[in-house]
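# Understanding the architecture of this molecule
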Amino acid sequence: MSSTIEELVSALTLEEKAGLCSGQDFWRTKAVERLGIPALMVSDGPHGLRTQKSGSDNPNDSIEAVCYPAGCAAAASFDPALTRRMGAALGREARAVGVGVVLGPAINIKRSPLCGRNFEYYSEDPFLAGELAAGFIQGMQSEGVGACPKHFAANSQETRRMSADSRMDERTLHEIYLPAFETAVRDGQPWTLMCSYNRVNGTYASENPLLLDEILRGQWGFTGFTMSDWGAVNDRVRGVAAGLDLEMPGSGGVNDAKLVEAVRSGALDEAVLDKAAARILNIVLRAADLAKTSATFDRTADHALAVQLAKESGVLLQNLGALPLREGQRVAYIGAFAETPRYQGGGSSHVNTGAAIGALEAARRNNRMVSYVEGFPADRDQRDEQEFLRAVTAAEEADVAVIFAGLPEMFESEGADRRHMRLPDCQNNLIARVAAVQKNTVVVLHAGAPVECPWAEDVSAVLCMYLAGEGIGEATDALLWGEANPSGRLPETWPLRLEDTPCYLDYPGDGLTADYREGVYVGYRWYDGRRMPVRWPFGHGLSYTGYVYRDAALDKDTLTDGDSVTLRVRVRNSGAVRGAEVVQLYVSDATGTPVAGGRVPQALRGFQKVMLEPGQECEVSFTLTARDLSRYSAELHDWYAAPGRYELRLGHSSRDIRITVPLQFKTERHLPLTVDENTPLGVLLADPRTAGPVQQMLAANSQAMDNGGGDGLMPPDAVAQMLDAMPLRALVNFGGPGAAAALPALMKTLRKATKN
């Protein structure tokens, strides 16, 4: 605590300390005028400012602002440099209107496609989400405005989100739902962090000392202040004691009084309240100091940036030749999304912007020769047979039919989860009818999460624009007509159907509890583990050019604890147009070591987006440490990589691996092993600490074991499995007198070898 902060805290009355830890109104902290402490203004949102207009009493009456791609689209860029630029642009705009902290990025894991708020979140993969979040935070804070990553933690549904209990094992929590926040904190150093509404393993996130203190501050080194989601506080006194500093939007003094009474009664140590107040003051004063420097932003330039970001986020999912469109073709645009696209989600992140246009208007501005039929509305599931016939006729008479489809906002918004994964029935029906008469049918999708695509095999091309912000119309036009080359990749798996999803039987729970029974098998980890066909895999995205990988090599074949290795690969643009490739690195544990909870087939551990001219080649490199090979061990309460062979897989997607490079890992670390009479021989033979003594004992008593273990009665594999499962105590029965006599000494040797 600096001397200035310490002096201010000492000068505060108890009531002022408590007051400083709650909001004055919906968007501001409390000022303490007698000490010169100003209020801090915060604002949504993750992809554009939702800042309340000056003088307005309505917190939802927001200023006009630039709307950038939502998290679902920004993540498809696979480019932290892009989220860094977006964060910086948002920071400039925020500082210009007096905002000190922006509430974002939103980085919860996409456990199910049904989560109503998936459009705000980045990915099903924690590595990707963390890298993108760190970029966003770095960009925003470089402009003197604080970022507030949210919602910490395990908040993956909207159903009963203010009270549902997210229940999972320790490995799942640490391996899937915490790493994105860890990367955001360690690499981004955010000023603030927002807790989630839900409980985590029985304790509200707003009063969870494991999350808010032990992990966030103790393990990750977070130095900013924590705040509640709006209305997330359950017990204010417990919250402060656990490490929740600021309550938003405040309780009109009710909870402030509870804090004062708790200190006076001795239920809450005043030193704990002092720490909370000091952490808040540190950021309030930092923001006030930086706000003294004038800030300006260029709305025209920022709109151009929004268009560029949208171009880099579009994902070409399928293309049998209909794209890119060419001048001189007769092109029919069908679907109301062509005229009024959906480019952001509903709820707290909704940005007030008037700059968005649709692809139809963009085509007209560029003098494209396109016709237009509405076909179906953009805001509801409504079928008009006459309109359908007009659309089918237009498609039949054209060279190419482009159908603009997607989820109406009523299907997908903060506050409610989707009940199914389908597009409106009217859209699926019309797409099928158009595809039946036009082989060059293109579908452009506007949605914040995957949808079932029963017509995918009947159309030529599919372009997913997600919810790409106010630049969506211009970006879609450029991608369709080949003026920009698609370079987006899927940040989530698109399954064939809802029933295939990992948590189908458990999502969203019974309203009281949400059991994460799929464990670490989230997203591609699940589909790859089951070798299940999907519509489009994680990391997938096509281009108007091609890419060749060659000459992958490690700087050394073996990695040890505390060391690192570098993997290099050369990538060449083998096509005729400029394009960007996303080189993805997956790590697979091929050690064969048994893993409690299962071994995931592979995990993303690196990615790089490189822009290449036709014929151009570049080198891409990745540096890995033991952490990149590791899983979280509940036995160690830490990360652990088993010794042995790993595979480093370089690919265009999780299902398009181009090169595999083997790597050996050596370590002196071991998992805890408790040896008793019921420990199976297979466990002991698999552990280098115990394998030798057990092998010696078996060799010394091999004849007795063969005679009593089924030799000649069962095939060799069955005998081996039986031996693997045999507990030590069974040596008395099957190993003969010699084995029985040697057992006490063997037990002593094994326990000594495994003593930590």
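This write-up is about the structure you can find in this document. The model shown is predicted, which means the values in this text are computed figures rather than measured ones. (Residues numbered from 1 in each chain as written. Predicted model: local features only at pLDDT ≥ 70, side-chain atom pairs only at ≥ 80, totals over all residues. Heavy atoms only, no water.)

### Observations concerning the overall build of the protein chain
Along the backbone of the protein chain there are 24 helices and 25 strands. Viewed in the frame of its principal axes, the protein chain has a C-alpha envelope of about 90 × 75 × 50 Å. Looking at the protein chain as a whole, 60% of its 756 residues are labelled buried. Restricting the contact set of the protein chain to residue pairs at least 6 apart, pairs at least 24 apart contribute 76%. For the protein chain, the computed accessible surface area is about 28800 Å², with 47% contributed by carbon and sulfur atoms. (Helix = DSSP H or I, 4+ residues; strand = E, 2+ residues; numbered from the N terminus. Buried < 20%, exposed > 50% of the residue type's maximum accessible area, 1.4 Å probe, protein only. Contact = heavy atoms within 4.5 Å. Areas by Shrake-Rupley, 256 points an atom, 1.4 Å probe, with all protein chains shown as cover.)

### Digging into the pairing of strand β25 (residues 656-666)
As judged from the three bridges shared by strand β17 (residues 558-560) and β25, these two strands associate in the parallel manner. Paired with Thr558 across the two strands is Gln664, which belongs to β25. Two elements, strand β24 (residues 644-653) and β25, share nine bridges in a ladder whose sense is antiparallel. Note that in β25 the partner of Ser653 across the bridge is Asp656. The hairpin turn running from β24 into β25, its antiparallel successor, is two residues long. (Pairing = 2+ DSSP bridges.)

### As for the side chain of Arg489
Tracing the sequence through the fold places Arg489 in the loop between α16 (472-480) and β15 (513-515). Take Arg489: its relative accessible area is 0%, and that puts it in the buried class. Among the polar contacts listed, one links the side chain of Arg489 to the side chain of Glu581, at a separation of 2.8 Å. (Polar contact = N/O pair within 3.5 Å; in protein donor to acceptor, adjacent residues only side chain to side chain.)

### Focus: the state of the cysteines
Throughout the structure, instances matching the rule amount to zero disulfides. Cys464 supplies the cysteine sulfur nearest to Cys72, a cysteine that is in no disulfide, at a spacing of 7.8 Å. The exposure class of Cys72 is buried, given its relative accessible area of 0%. (Disulfide = S-S within 2.5 Å.)

### Side note on the sheet that holds strand β10 (residues 331-334)
For sheets, the rule is that strands pair by backbone hydrogen bonds, running either parallel or antiparallel. Overall, mixed pairing links the six strands, which are arranged β9-β14-β13-β12-β10-β11 in an open sheet. Two strands lie at the open edges of the sheet, namely β9 (315-319) and β11 (370-373), each paired on one side alone. The sheet shows a mean angle of 20° between the axes of neighbouring strands, direction not considered. As paired strands, strand β12 (residues 400-406) and strand β13 (residues 441-446) are joined by six bridges and run parallel to one another. If you follow Phe404 over to β13, its bridge partner there is Val444. (Axes fitted to C-alpha atoms, helices over the stretch in contact; angles between N-to-C directions.)

### Side note on the nonpolar core
Phe152, Tyr333, Val402, Leu445 and Leu480 are the most contacted members of the largest nonpolar core, which has 189 residues in total. It is helix α11 (residues 270-290) that contributes the most residues to this core, nine residues altogether. Beyond its immediate sequence surroundings of up to four residues, Leu480 is in contact with Leu323, Pro324, Leu325, Tyr333, Val402, Phe404, Val442, Val444, Leu463 and Tyr544. Of all hydrophobic cores here, the second largest spans 30 residues; its members include Ala626, Ala641, Val661 and Leu671. (Core = buried A, V, L, I, M, F, W, Y, C linked by side-chain atoms within 4.5 Å.)

### A few points about the packing of aromatic side chains
By the definition in use, this model includes 16 aromatic pairs. Ring centres 5.2 Å apart and planes at 80° place the aromatic pair Phe26 and Trp27 in the edge-to-face group. Among the residues examined, Phe26 registers a relative accessible area of 33% and is labelled partly exposed. Under the relative-accessibility criterion, Trp27 is labelled buried at 1%. Between the NZ or CZ atom of Arg111 and the centre of the ring of Tyr516, over which it lies, the distance is 3.8 Å. Taking NZ or CZ as reference, Arg627 lies 4.0 Å from the ring centre of Trp639, over its face. (Phe/Tyr/Trp six-rings, centres within 6.5 Å; stacked < 30°, edge-to-face > 60°. Lys NZ or Arg CZ within 6 Å of the ring centre and 35° of its normal.)

### Some remarks on helix α24 (residues 736-753)
Over its 18 residues, α24 extends 25 Å from the first C-alpha to the last, a length consistent with the 26 Å expected when each residue adds 1.5 Å. Within α24, the axis deviates most sharply at Leu743, by approximately 45°, and proline Pro744 lies no more than four positions further along. All of the buried residues along α24 are Gly736, Ala739, Leu743, Leu746, Met747 and Leu750. (Expected span 1.5 Å × (residues − 1). Bend = angle between axes of the 7 residues up to and from the residue.)

### Considering the pattern of salt bridges
Using the criterion set out here, one finds 55 salt bridges in the structure. Its salt-bridge partner being Glu120, residue Arg117 comes within 2.6 Å of it at the nearest N-O pair. Accessibility classification places Arg117 together with Glu120 in one group, the buried group. Connected via shared salt-bridge partners are Arg117, Glu120, Glu158, Arg161 and Glu414. (Salt bridge = Lys/Arg side-chain N within 4 Å of Asp/Glu carboxyl O.)

### With respect to the packing of helix α4 (residues 80-96) against helix α5 (residues 126-141)
With their axes 6 Å apart at the nearest point, α4 and α5 run at an angle of 35° to one another. Our pair here, α4 against α5, has a crossing hand that is right-handed. Along the contact surface, α4 presents Pro80, Thr83, Arg84, Met86, Gly87, Ala88, Leu90 and Gly91, while α5 presents Glu131, Leu132, Gly135, Phe136, Gln138, Gly139 and Met140. Taken together, the residues of the contact of α4 with α5 break down into seven nonpolar, six polar and two charged. (Left-handed = near helix turned anticlockwise from the far one by under 90°. Nonpolar A, V, L, I, M, F, W, Y, C, P; charged D, E, K, R; others polar.)

### Focus: unusual backbone geometry
In this structure, His151 follows Lys150 across a cis peptide bond, with omega equal to 0°. Here His151 is to be found in the loop between β3 (146-147) and β4 (165-167). Notably, Gln189 is not glycine yet its phi reads approximately 50°, a positive angle. Relative to the helices and strands, Gln189 is located in the loop between α7 (179-188) and β5 (192-194). Look at Gln189 and you get partly exposed, because its relative accessible area is 42%.

### Topic: empty space enclosed by the protein
For the coordinates displayed, the defined rule picks out four cavities of 30 Å³ or more. As a volume, the largest cavity reaches approximately 240 Å³. The set of elements that each furnish at least two residues to the lining of the largest cavity consists of α6 (170-177), β19 (579-589), β20 (603-612) and α18 (626-629). Ranked by residue count, the leading element in the lining of the largest cavity is β19, at three residues. Per-class residue counts for the lining of the largest cavity are 11 nonpolar, three polar and eight charged. Every residue lining the second largest cavity is counted, 13 residues in all, and those nearest its centre are Lys110, Arg111, Pro113, Glu124 and Thr493. Among the residues making up the lining of the second largest cavity, the classes are represented as four nonpolar, five polar and four charged. (1 Å grid on protein atoms, 1.4 Å probe; cavity = no way out; pocket = protein on both sides within 12 Å on 5 of 7 lines; lining within 4 Å. Points joined across faces, edges and corners; volume = space filled by probe spheres on them.)

### Observations concerning α11
Helix length check: α11, at 21 residues, gives a terminal C-alpha distance of 30 Å against a target of 30 Å (1.5 Å per residue), a fit within 8%. Capping the start of α11 is the job of one residue whose side-chain oxygen sits 2.9 Å from the backbone nitrogen of Ala271: Asp269.

### Digging into the packing of helix α14 (residues 385-397) against helix α15 (residues 425-437)
Where α14 contacts α15, the two axes come as close as 9 Å, and the packing angle between them is 35°. As α14 packs across α15, the resulting crossing turns out to be right-handed. Together, Glu385, Phe388, Leu389, Ala391, Val392, Ala395 and Glu396 of α14 and Cys426, Asn429, Leu430, Arg433, Val434 and Val437 of α15 make up the contact between the two elements. The residue inventory of the contact of α14 with α15, partitioned by class, reads nine nonpolar, one polar and three charged.

### Observations concerning the sheet that holds β25
Taking strand neighbours across the sheet as the criterion, the five strands line up as β17-β25-β24-β19-β20 in an open arrangement whose pairing is mixed. In the strand order of this sheet, the two ends are held by β17 and β20, each with one partner. Adjacent strand axes in the sheet meet at a mean angle of 30° when their direction is disregarded.

### Details of the environment of Asp638
Within the secondary structure layout, Asp638 lies in strand β23 (residues 638-640). Discounting residues that sit within four places of it in the chain, Asp638 has contacts with Arg631, Tyr632, Ser633 and Arg669.

Remember, this is a structural readout, not a statement about activity or role.
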